[in-house]
Amino acid sequence: MTSTGGLSPATRERLERELEQLRQQRAAMAPRLGEDPLGDSADQADLLERAELASRLDRRIAEITDLLHGGPSQEAESGLPSGTRVTLRFDDGDTEDLTVVGHVDEAEDDATVLTSDSPLGQAVAGHREGDTITYRTPGGEARAEIVTLTFPS
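Because the structure is predicted, anything quoted here is derived from the model rather than measured. (Residues numbered from 1 in each chain as written. Predicted model: local features only at pLDDT ≥ 70, side-chain atom pairs only at ≥ 80, totals over all residues. Heavy atoms only, no water.)

Colleague: Before we go on, may I ask you to explain the confidence of the model for the protein in this structure?
Modeller: Should the pLDDT be low somewhere, the predicted coordinates at that spot are not to be read in detail. With 73% of its residues at a pLDDT of 70 or more, the protein shows a mean pLDDT of 78. Element-level mean pLDDT values for the protein span from 44 in helix H3 (residues 74-78) up to 94 in strand S1 (residues 85-90). The low-confidence segment residues 72-78, where pLDDT is below 50, has 9 contacts with residues more than four positions distant or belonging to other chains. (pLDDT = per-residue confidence, 0-100. Helix = DSSP H or I, 4+ residues; strand = E, 2+ residues; numbered from the N terminus. Contact = heavy atoms within 4.5 Å.)

Colleague: What's the story with the sheet that holds S1 in this structure? I'm lost.
Modeller: The strands making up a sheet associate through hydrogen bonds between their backbones, and the pairing can be parallel or antiparallel. The strand order across the open sheet built from 5 strands is S3-S2-S1-S5-S4, with neighbouring strands paired in mixed fashion. Edge positions in the open sheet fall to strand S3 (113-115) and strand S4 (132-137), since each of these has one partner strand only. Direction aside, neighbouring strands of the sheet carry axes that sit 45° apart on average. In this structure, S1 lies alongside strand S5 (residues 140-150), joined through 6 bridges in antiparallel fashion. Paired with Arg85 across the bridge in S5 is Thr150. (Pairing = 2+ DSSP bridges. Axes fitted to C-alpha atoms, helices over the stretch in contact; angles between N-to-C directions.)

Colleague: Sorry, what's going on with the pattern of salt bridges here?
Modeller: When charged atoms on two side chains of opposite charge get close, those side chains can pair. Scanning all chains against the criterion turns up 5 salt bridges. Of the charged contacts, one joins Asp58 and Arg26 as a salt bridge, the two residues approaching to 2.8 Å between their closest N and O atoms. Taken together, the positions of Asp58 in helix H2 (residues 41-68) and Arg26 in helix H1 (residues 9-33) put the pair 32 residues apart, joining distant regions of the chain. A residue is classified by how much of its surface remains accessible, and Asp58, at 35% relative accessible area, is partly exposed. The salt bridge involving Glu145 is made with Arg89; its shortest N-O contact spans 3.2 Å. Taken together, the positions of Glu145 in strand S5 and Arg89 in strand S1 put the pair 56 residues apart, joining distant regions of the chain. (Salt bridge = Lys/Arg side-chain N within 4 Å of Asp/Glu carboxyl O. Buried < 20%, exposed > 50% of the residue type's maximum accessible area, 1.4 Å probe, protein only.)

Colleague: In this structure, what is going on with the environment of Glu18? I would like to understand it.
Modeller: The residue Glu18 is located in helix H1 in this model. Judged by relative accessible area, which is 25%, Glu18 ranks as partly exposed. Among residues more than four places away in sequence, those in contact with Glu18 are Arg60 and Ile64.

Set out below in structure tokens:
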């Protein structure tokens, strides 16, 4: 596969490991899902619970497969490539250093990230250092100043 789908090598490796684990979990469930649901209501409840878990596993497997096979890139729509670093100063005076990622699965465990398709990520796109941006939050409209904006090299 030559397309990375905009994922970093570390993210791709982490997703491939997760996908393998999910596939193993799903394969281990397969024989039990076909069991005859005859029995008491506890047996039937257990069967429903396993079916729901299988459905969640299937959805996550499909999501990761799409990501690994170069599904739609969020950064193409937003204009912010993964790896862009931005420092924002919010109206309350707080500043925050963020790293833009195309998909939440790219987030490093200790990094504060901004997804390129979030309202804040979309507000930053197309602006430069010194600009004040406005974006929507669940609590209403908010503003921030772009202190620094560094695109990946």
